[in-house]
Amino acid sequence: MEIKQNLTSVNYTPNGMKEIRGIVLHSMFGTHQGSIAWFKNPESKASAHYLISQEGEIMQMVSDKDMAYHAGIFDEPIPDFIRPNPNFYCLGIEFEDRRDENWVYPKPQREAGIWLVDLLMKRYNLKRDRVFLHKNL
């Protein structure tokens, strides 16, 4: 598999990752191209490190060393190792879902997601319990 790059020039903090301790999986609630445009819009104040299209294309939008704006600050109990702001410690991966709450992720998209998560877990020596769904934070 291949990781393409289309790095945004806005909506991230350069060298802002304190340490990579986890991965947060998100649903775009939109299209792949729409999310690319949204992350490049300075008014959105949102980004993620990676996007995965329904066809399985992996697009890197923010460098791993830079902090993307994908998870936010949480008041609710979250694991201590990513407190108080998961953005400092977690890479964000967004999956295209075309604004369909009943979206069934196609096989190429699932395979790309598995490949990318496995690559990042190995690269940063992460265990499976360090991969979260955004809704579970």
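Note that this is a predicted model, so its numbers are computed, not measured.

Rules behind the numbers
- Going along each chain's sequence as written, the residues are numbered from 1 onward.
- pLDDT decides what is reported in this predicted model: residues at 70 or higher carry local features, side-chain atom pairs at 80 or more are listed and counted, and totals for whole chains, interfaces and linings draw on all residues regardless.
- In computing side-chain values, all of the structure's heavy atoms are included and hydrogens and water are not.
- Helix numbers and strand numbers start at the N terminus; a helix is a DSSP run of H or I with at least 4 residues, a strand a run of E with at least 2.
- Computation of the radius of gyration draws on C-alpha atoms alone. For the globule rule, the value is 2.2 Å times the number of residues to the power 0.38.
- Each residue is placed in one exposure class: buried if its accessible area under a 1.4 Å probe, protein chains only, is under 20% of its type's maximum, exposed if it is over 50%, and partly exposed if it falls in between.
- The criterion used for residue contact is that any of the two residues' heavy atoms lie within 4.5 Å.
- By nonpolar core is meant a set of buried Ala, Val, Leu, Ile, Met, Phe, Trp, Tyr and Cys residues that side-chain atoms within 4.5 Å join together.
- Here, any two strands with at least 2 DSSP bridges between them count as paired.
- Geometry is summarised by axes, namely lines fitted to C-alpha atoms with helices restricted to the contacting stretch, and by angles between N-to-C directions that run from 0 to 180 degrees.
- Polar contact is defined as a pair of N or O atoms within 3.5 Å, subject to the rule that within protein one atom must be able to donate a hydrogen and the other to accept it, and that residues adjacent in sequence are counted only when both atoms are side-chain atoms.

What the protein contains, in helices and strands, is 2 helices and 8 strands. Counted from the first residue to the last, the protein has its helices and strands arranged as β-β-β-α-β-β-β-β-α-β. For 137 residues, the compact-globule formula gives about 14 Å, and the C-alpha radius of gyration of the protein, at 14 Å, lands near that figure. Along the first, second and third principal axes, the C-alpha atoms of the protein reach 35 × 35 × 30 Å. Counting every position in the protein, which comprises 137 residues, the buried fraction comes to 47%. Across the protein, the fraction of contacts at a sequence separation of at least 24, relative to all contacts at a separation of at least 6, is 71%.

Here we come to the nonpolar core. Nonpolar side chains in soluble globular proteins generally cluster together in the buried interior. Core analysis: the biggest nonpolar cluster contains 18 residues, and Ile23, Leu25, Ile52, Ile93, Leu116, Val117 and Leu120 have the highest contact counts within it. Looking at this core, the elements that each hand over two or more residues are strand 3 (22-27), strand 4 (50-52), strand 7 (90-95) and helix 2 (107-123). With 5 residues, the single largest contributor to this core is helix 2. Discounting chain neighbours no more than four positions away, the residues touching Leu116 are Ile3, Tyr50, Ile52, Ile58 and Ile93. In terms of nonpolar packing, the next biggest core, distinct from the first, is built from 10 residues, Met28, Phe39, Ala46 and Met59 among them.

Reading across from one edge, 1-5-4-7-3-8 is the order of the 6 strands in this open sheet, with mixed pairing throughout. Edge positions in the sheet fall to strand 1 (3-5) and strand 8 (131-133), since each of these pairs with one other strand and no more. Adjacent strand axes in the sheet meet at a mean angle of 25°, parallel and antiparallel pairs treated alike. Pairing geometry for strand 4 and strand 5 (residues 58-60), over 3 bridges, is antiparallel. For Tyr50, the partnering residue across the bridge sits in strand 5 and is Gln60. Sheet contacts for helix 1 (residues 32-39): strand 4, strand 5 and strand 7; angle to strand 4, the most-contacted strand, approximately 160°. Contacts between helix 2 and the sheet are confined to strand 1, strand 3, strand 4, strand 5, strand 7 and strand 8, with strand 4 contributing the most and set at about 155° to the helix.

By secondary structure assignment, the location of Gln60 is in strand 5. There is a polar contact of 3.4 Å between the side chain of Gln60 and the side chain of Tyr50. Residue contacts for Gln60: discarding those within four places in its chain leaves Ile3, Lys4, Gln5, Asn6, Leu7, His49 and Tyr50.

Before going further, it helps to spend a moment on the environment of Tyr124. Relative to the elements of secondary structure, Tyr124 occurs in the loop between helix 2 and strand 8. The sequence separation of Tyr124 and Glu19 amounts to 105 residues, and the corresponding C-alpha distance is 9.4 Å. The residues touching Tyr124, leaving out its near neighbours within four places in the chain, are Ile20, Asp64 and Leu91.

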